[in-house]
Structures are given as C-alpha cells and as structure tokens.
Amino acid sequence: MTPTVKICGLSTPETLDAALEAGADMVGLVRFPRSPRHVELDAGGALAARARGRVGVVALLVDPDDDELARTLEALRPDLLQLHGRESPERVAAIRARFGVPVMKAVGIADEGDVAGLHAYAAVADRLLVDAKPPRTAGALPGGNGLSFDWRLVTGLDLGKPLMLSGGLDPANVAAALRLTRIGGVDVSSGVESAPGIKDRARIAAFVEAAKGA
Ligand SMILES: O=C(O)c1ccccc1NCC(=O)[C@H](O)[C@H](O)COP(=O)(O)O
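Each value, and the rule that gives it
- Residues numbered from 1 in each chain as written.
- Predicted model: local features only at pLDDT ≥ 70, side-chain atom pairs only at ≥ 80, totals over all residues.
- Near = placed C-beta within 6 Å.
- Nonpolar A, V, L, I, M, F, W, Y, C, P; charged D, E, K, R; others polar.
- Axes fitted to C-alpha atoms, helices over the stretch in contact; angles between N-to-C directions.
- Helix = DSSP H or I, 4+ residues; strand = E, 2+ residues; numbered from the N terminus.
- Parallel < 35°, antiparallel > 145°, perpendicular 65-115°, else oblique.
- Left-handed = near helix turned anticlockwise from the far one by under 90°.
- Contact = placed C-beta atoms within 7 Å.
- UniProt positions renumbered as here; feature names shortened; annotations may be inferred.
- Buried ≥ 20, exposed ≤ 12 C-beta atoms within 10 Å, placed from the backbone.

1. What about the site of the ligand?
Right, so step 1: Taken together, 27 residues surround the ligand, and among them Ser35, Gly143, Gly144, Ser189 and Ser190 come closest.
Right, so step 2: For the shell around the ligand, a count of residues per class yields eleven nonpolar, 13 polar and three charged.

Below is the structure:
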C-alpha cells in the first residue's frame, strides 16, 4: 500500500505549497518557541487554512498545558494533534477526552523497552509516531534533530493503530526504511531542509517521490 507521507515543520506558504504539489498527505506545523520551525498562532492559522481539505493538517505541541492546547486548536483547527513531549498515556487520554481532537503520540525509540512502552500509548492515541530520542545535550530540541534510530527495532511492528516512522529520514534513505520496516507512513523535517528551519522545495519533492515509489 502507498505510504502516508507527512512533511513536518513547514512555516511558509511557499514550502507548504511545495508539499501539497509534491503529493504529501499531511503537513505539520510546529508550536515550540525554541524551534527554528515555530509558527505563531496567526501565521500557523493562515498556513492551516491554506492546506485544509487538501491534506491532513497536524499541529505539533510539546507538553502543552490546557491553555496552549485551547489556543492552538482554535487558531489552527488541525485534523490531528501531534504530542511530541513527555506526555504520559494518561495525559494523552485526558487531552483527547477534553478537546475531542485525534492525537498522534510521538515516542522516542532506542531499545526494546521503548518499543514495549508503545502499547500503553496505542491504547489511548489514534496514531503513533516512532522517532529517535533527542540528544541529551542542554537545549536540544525534543524532535526534528535529523537523527535516526535502529529501524530493526520497529520492523513489522503492529500496534493495532496507524504508525509513522520518523527520525533522520531523507530522500536517499526513505525507501529503504519503508521496505525494511513495512510501516505505513513516514514523517520528515530536517531531511528536506537546506538549513535548520529552511525547507527545500526540491528535497520535499524528492522525498515524497521516493517514499511513494518504495
Ligand atoms: O521540528 C522541530 O523543531 C520540533 C520541535 C519540537 C518537537 C518536535 C519537533 N519536530 C518533530 C519532527 O519534525 C518530526 O516529527 C521528527 O522528530 C523527525 O524529525 P527529523 O529527524 O528532523 O526528520
């Protein structure tokens, strides 16, 4: 089956359009002020409106409190909320129940224990995204670091919920990652950039083509 492709961290109309024209299925808008991909509410709302109905709009938040959730959901009206922090399964369930929005929980994977931990999230989230763990260095971003993990840990993984692979994917390795893991979706940010936060139209097109052709 053709994989679902998400391009994350889009922050301009031009690069959003590049993702739409390339045939991406989802676009991600990051709300995390320390990130070079952060979008303010008004800019994020305009990007979401541009994409709505054409692809799935994903709002990415990191350990949000209820006020930030309410603000972001009202401004962006996303199809899916990506939680990319240390949210517990209980917090994921509470957010879904309170805000009525489908949730994709991102989980960092480094060993079998992390894979085992995915089951608790599969019970409460609508989708799961497996990513590399962030570096332990001070100030490192929780995601979007262009780091990959050992894909063999998630090869053939079936959690009963849609799954996306991310972390260090790029146009050159995405087909191999899909063939090895047999996961139904991929997510990329750094691998389609020319510099942190600067998306590259040609790399976006090459990524989608490689993923869809895998
Ligand atoms: O992109 C960011 O700046 C970011 C900030 C805070 C939390 C998550 C963030 N990004 C997540 C992603 O873009 C992806 O879902 C994932 O981490 C893969 O990123 P990459 O390895 O750069 O392709």
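2. Examining the packing of helix 1 (residues 13-22) against helix 7 (residues 201-212)
Right, so step 1: Between helix 1 and helix 7, whose axes approach to 9 Å, the crossing angle comes to 25°. By the angle between their directions, the pair helix 1 and helix 7 is classed as roughly parallel. The way helix 1 lies across helix 7 gives a crossing that is right-handed. Note on element contacts: helix 7 touches helix 1 through Arg201, Ile204, Ala205 and Val208, opposite Thr15, Ala18, Ala19 and Ala22.

3. A short note on the UniProt feature "domain: N-(5'phosphoribosyl) anthranilate isomerase (PRAI)" (unreviewed entry) in the protein chain
Right, so step 1: In the numbering adopted here, UniProt assigns the feature "domain: N-(5'phosphoribosyl) anthranilate isomerase (PRAI)" (unreviewed entry) to residues 5-209.
Right, so step 2: From the first C-alpha to the last, residues 5-209 spans 10 Å; its make-up is 35% helix and 21% strand.

4. Notes on the environment of aspartate 65
Right, so step 1: Examined against the element boundaries, aspartate 65 turns out to sit in the loop between strand 3 (56-61) and helix 3 (66-76).
Right, so step 2: Classification of aspartate 65 as exposed rests on a count of 8 C-beta atoms within 10 Å.
Right, so step 3: A C-alpha to C-alpha distance of 30 Å links aspartate 65 and valine 154, two positions 89 residues apart in sequence.

5. Focus on the environment of valine 57
Right, so step 1: For valine 57, the position within the fold is in strand 3.
Right, so step 2: Residue classification places valine 57 among the buried positions, given that 23 C-beta atoms sit within 10 Å.
Right, so step 3: For the pair formed by valine 57 and proline 78, sequence separation is 21 residues and the distance between their alpha carbons is 5.0 Å.
Right, so step 4: In contact with valine 57, other than residues within four places in its own chain, are Val27, Ala48, Ala51, Arg52, Leu76, Pro78 and Asp79.

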